[in-house]
Amino acid sequence: MNEGADHMNERTVLVTSGTGKTGHRVVERLTARGIPVRSGSRSGEVRFDWADDSTWGAALCGAYAAYVAYYPDLAAPGAADAMRRFGRLAAANGVGRVVLLSGRGEPEAALAESALREACPDLTVVRAAFFAQNFSEGAMVEGVLAGTVAFPGGDTAEPWVDAGDLADVVVAALTEDGHAGQTYELTGPRLLTFAEVTAELSRATGRAIRYVPVSAAEYAEQLTQYGLPGPDAEWLAGLFSMLLDGHNASTTDGVKRVLGREPLDFADFARDAATAGDWHV
């Protein structure tokens, strides 16, 4: 660890959405390094709620750096305004290093990035492809367990990225010099369609899992059956359809640029998740 990282060991890092898919991994990695962490969540010891900006100030007070993972999505309506207000508050509290989780190929998310950068010019942006962990601890787990994954992905290939790789990149940006002002696009090492993904999951689990393509409207209806309000379901289904229209069907060297190693392959993720019992029934 370099001199800047050693100096930071004495300072606190705020992790927003600290119990989320990437947040809890960042918390674990920082804690393992002995770096003081403030894990923000809506119901945790450090209260932080993106829907309640009265919780932001206390969470930011005294923090040296912050990992920003916005809920529900950086492309959501209102995200740019939230980023602008959060950035001003972070700057007012002397938070000198900010790392933002963003979406790859999302024009609205790029607007939110710019809004945060207004007050935090040294912002580091990490744009991620779809997470492999969506199948092990996300919305598609039930489909994997049931043997049928239904999603509006068609036959588009996606460079699925491991959430652990992303967390490693975020921690590097938070603790090492040289990442200020950078934008990193993170992907896995190869493209896989949903049909190829379910084939990998079948091999890893030893069970038959198939992919069923559905339209955005059909997927939105599924989401409403799980309790998501209609307008939110339609927006989310539309976002997925846009992201999976083919414009993100390419890999990048973002993980290797930051970490000096290749990203984890989806097959290795599936094997590790199966070994860990993520799909045990």
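Residues numbered from 1 in each chain as written. Predicted model: local features only at pLDDT ≥ 70, side-chain atom pairs only at ≥ 80, totals over all residues. Heavy atoms only, no water.

1. What to know about the packing of helix H2 (residues 23–32) against helix H8 (residues 163–175)
Helix-helix packing is characterised by the crossing angle of the two axes and by the distance between the axes.
Okay, step 1: Relative orientation of the contacting elements H2 and H8 amounts to 55°, with a least axis distance of 9 Å. Relative to H8, H2 is oriented oblique. Regarding H2 and H8, the two cross each other, and that crossing is right-handed. Only Ala-163, Gly-164, Ala-167, Asp-168, Val-170, Val-171, Leu-174 and Thr-175 of H8 make contact with H2, whose side of the interface consists of Arg-25, Val-26, Arg-29 and Leu-30.
Okay, step 2: Here the residues of the contact of H2 with H8 are counted per class, giving 7 nonpolar, 2 polar and 3 charged. (Axes fitted to C-alpha atoms, helices over the stretch in contact; angles between N-to-C directions. Helix = DSSP H or I, 4+ residues; strand = E, 2+ residues; numbered from the N terminus. Parallel < 35°, antiparallel > 145°, perpendicular 65-115°, else oblique. Left-handed = near helix turned anticlockwise from the far one by under 90°. Contact = heavy atoms within 4.5 Å. Nonpolar A, V, L, I, M, F, W, Y, C, P; charged D, E, K, R; others polar.)

2. Notes on the pairing of strand S7 (residues 148–151)
Okay, step 1: Of the two faces of S7, only one is covered, namely that formed by Val-149 and Phe-151; the face formed by Thr-148 and Ala-150 stays uncovered.
Okay, step 2: When S7 meets strand S9 (residues 210–213), the two strands line up parallel, connected through 4 bridges. Within the sheet, the bridge partner assigned to Val-149 lies in S9 and is Tyr-211. (Buried < 20%, exposed > 50% of the residue type's maximum accessible area, 1.4 Å probe, protein only. Pairing = 2+ DSSP bridges.)

3. Things to note about the packing of helix H9 (residues 194–205) against helix H13 (residues 266–275)
Okay, step 1: Contact geometry for H9 and H13: axes closest at 9 Å, N-to-C directions at 40°. H13 is crossed by H9, and the crossing has right-handed handedness. Every residue of H13 that contacts H9 at Val-197, Glu-200, Leu-201 and Ala-204 is listed here: Phe-266, Ala-267, Ala-270, Arg-271 and Ala-274.
Okay, step 2: Here the residues of the contact of H9 with H13 are counted per class, giving 7 nonpolar, no polar and 2 charged.

4. Comments concerning the packing of aromatic side chains
Working definition: an aromatic ring pair is given by the centre-to-centre distance plus the angle between the planes.
Okay, step 1: Under the definition given, this model contains 21 aromatic pairs.
Okay, step 2: Note on Phe-130 and Trp-160: the rings are 5.7 Å apart at their centroids and 75° apart in plane angle, and the pair reads as edge-to-face. Of this pair, Phe-130 sits in the loop between strand S6 (124–128) and helix H6 (134–137) while Trp-160 sits in the loop between S7 and H8, and the two are 30 residues apart along the sequence.
Okay, step 3: A ring pair is formed by Phe-151 and Phe-194, whose centres lie 5.1 Å apart and whose planes are at 20°; its orientation type is stacked. Placement of Phe-151 in strand S7 and of Phe-194 in helix H9 is noted, with a sequence separation of 43 residues between them. Across the pair, Phe-194 and Phe-151 agree in class, each one buried.
Okay, step 4: Above the face of the Tyr-71 ring, Arg-42 is positioned so that its terminal group lies 5.4 Å from the ring centre. (Phe/Tyr/Trp six-rings, centres within 6.5 Å; stacked < 30°, edge-to-face > 60°. Lys NZ or Arg CZ within 6 Å of the ring centre and 35° of its normal.)

5. Structural notes on helix H10 (residues 216–225)
Quick reminder: α-helices carry 3.6 residues per turn. Residues three or four places apart thus point the same way.
Okay, step 1: Three or more residues of H10 are buried, namely Tyr-219, Ala-220 and Leu-223. All buried residues of H10 project into a common sector of 105° when viewed along the axis, lining one side. Exposed and oriented more than 90 degrees from the buried face of H10 are Ala-217 and Gln-225.
Okay, step 2: Lining the buried residues of H10 we find S7 and helix H11 (230–243). (Arc of directions from axis to C-beta.)

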